[in-house]
Amino acid sequence: PPTNDSTEALRVAVLPKIKALVARLGTSTGAAEKARIREELEALPTWAYLLVDEAALGVPEPASRKLVRDAADALRFRRDLDRSQPGILSEDSETRVSGLHELNSLPLAEDPRLIPVLLRALAQDPAPEVRREALRALGRIGDERAVPAILAALRAPEVGTCGEASALVTAW
């Protein structure tokens with residue numbers, strides 16, 4: 001979490017957003033809207049997981065409360081991942097590749113909670129090597145939520161990324 005004098009200022013800045021998202025959750029009825037709200041909660045800074053967890057206490061409907069708690073768990077997991085595998089989120093592409101390569105050799109690489117992190121790397125990282133390592137990790141997890149992204153990677157302009165995606169499709 002942030003420290004020093006900035007802590008309260010950051011908390012004050014993030015808390016209204018959390019409250020607004022939780023309020024929207026209470027009025028939304030569609031699954032797609034609830035999924036968007038969860039994505040927005042999970043996109044908050046990782047240190048905000050305690051605030052999101054706290055917000056869950058005020059949600060009366062059990063399914064919605066679970067959604068908010070799941071978002072808090074996802075933030076907590078990302079925080080733990082940041083601490084254990086800091087290279088994955090580095091500014092330097094070689095460090096990100098190295099971090100993902102190292103991750104692929106750990107039991108943590110099979111954790112399905114990694115899927116959002118890996119999908120983001122596959123879709124948004126400018127370095128082809130990072131995208132290939134993300135594909136390898138997604139293949140190791142073997143979760144069907146990754147299928148659309150893997151199929152999209154078949155159209156990648158780099159031969160290596162396309163080849164890695166093709167190998168995964170063939171292996172599945």
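Refer to the structure printed above.
Residues numbered from 1 in each chain as written. Predicted model: local features only at pLDDT ≥ 70, side-chain atom pairs only at ≥ 80, totals over all residues. Heavy atoms only, no water.

All right, on to the overall build of the protein then. Summing up its helical and strand segments, the protein has 9 helices and 0 strands in all. Listed by position from the N terminus, the elements making up the protein come as α-α-α-α-α-α-α-α-α. Considered along the principal axes of its C-alpha atoms, the protein spans approximately 50 × 40 × 30 Å. Within the protein, the fraction of its 172 residues that count as buried is 41%. Look at the contacts in the protein between residues 6 or more apart in sequence, and 60% of them connect residues 24 or more apart. Taking the 23 positively charged and 26 negatively charged side chains of the protein as two groups, their mean positions are separated by 5 Å. (Helix = DSSP H or I, 4+ residues; strand = E, 2+ residues; numbered from the N terminus. Buried < 20%, exposed > 50% of the residue type's maximum accessible area, 1.4 Å probe, protein only. Contact = heavy atoms within 4.5 Å. Lys, Arg positive; Asp, Glu negative; His and termini not counted. Charge placed at Lys NZ, Arg CZ, Asp CG, Glu CD.)

Ranked by internal contacts, the top residues of the largest apolar core, which has 23 residues, are Leu114, Leu118, Leu135, Leu138 and Ile150. Broken down by secondary-structure element, the contributors of at least two residues to this core are helix H4 (62-84), helix H5 (93-104), helix H6 (115-124), helix H7 (128-141), helix H8 (147-153) and helix H9 (159-171). The greatest single-element share of this core, amounting to 6 residues, is contributed by H7. For leucine 118, the residues in contact, after removing those within four places along its chain, are Leu100, Ala134, Ala137, Leu138 and Ile141. (Core = buried A, V, L, I, M, F, W, Y, C linked by side-chain atoms within 4.5 Å.)

Within the secondary structure layout, leucine 41 lies in helix H2 (residues 31-42). For leucine 41, a relative accessible area of 0% gives the class buried. Not counting chain neighbours up to four residues away, the residues in contact with leucine 41 comprise Ile18, Leu21, Val52, Val68, Ala71 and Leu75.

Next up on the list: H9. The terminal C-alpha atoms of H9, which comprises 13 residues, lie 18 Å apart, in line with the 18 Å expected from a rise of 1.5 Å per residue. Buried residues of H9: Thr161, Glu164, Ala165 and Leu168, and no others. Seen from one end, H9 has its buried residues packed into an arc of 95°, which puts them on one side. Within H9, the exposed residues directed more than 90 degrees away from the buried face are Val159 and Thr170. (Expected span 1.5 Å × (residues − 1). Arc of directions from axis to C-beta.)

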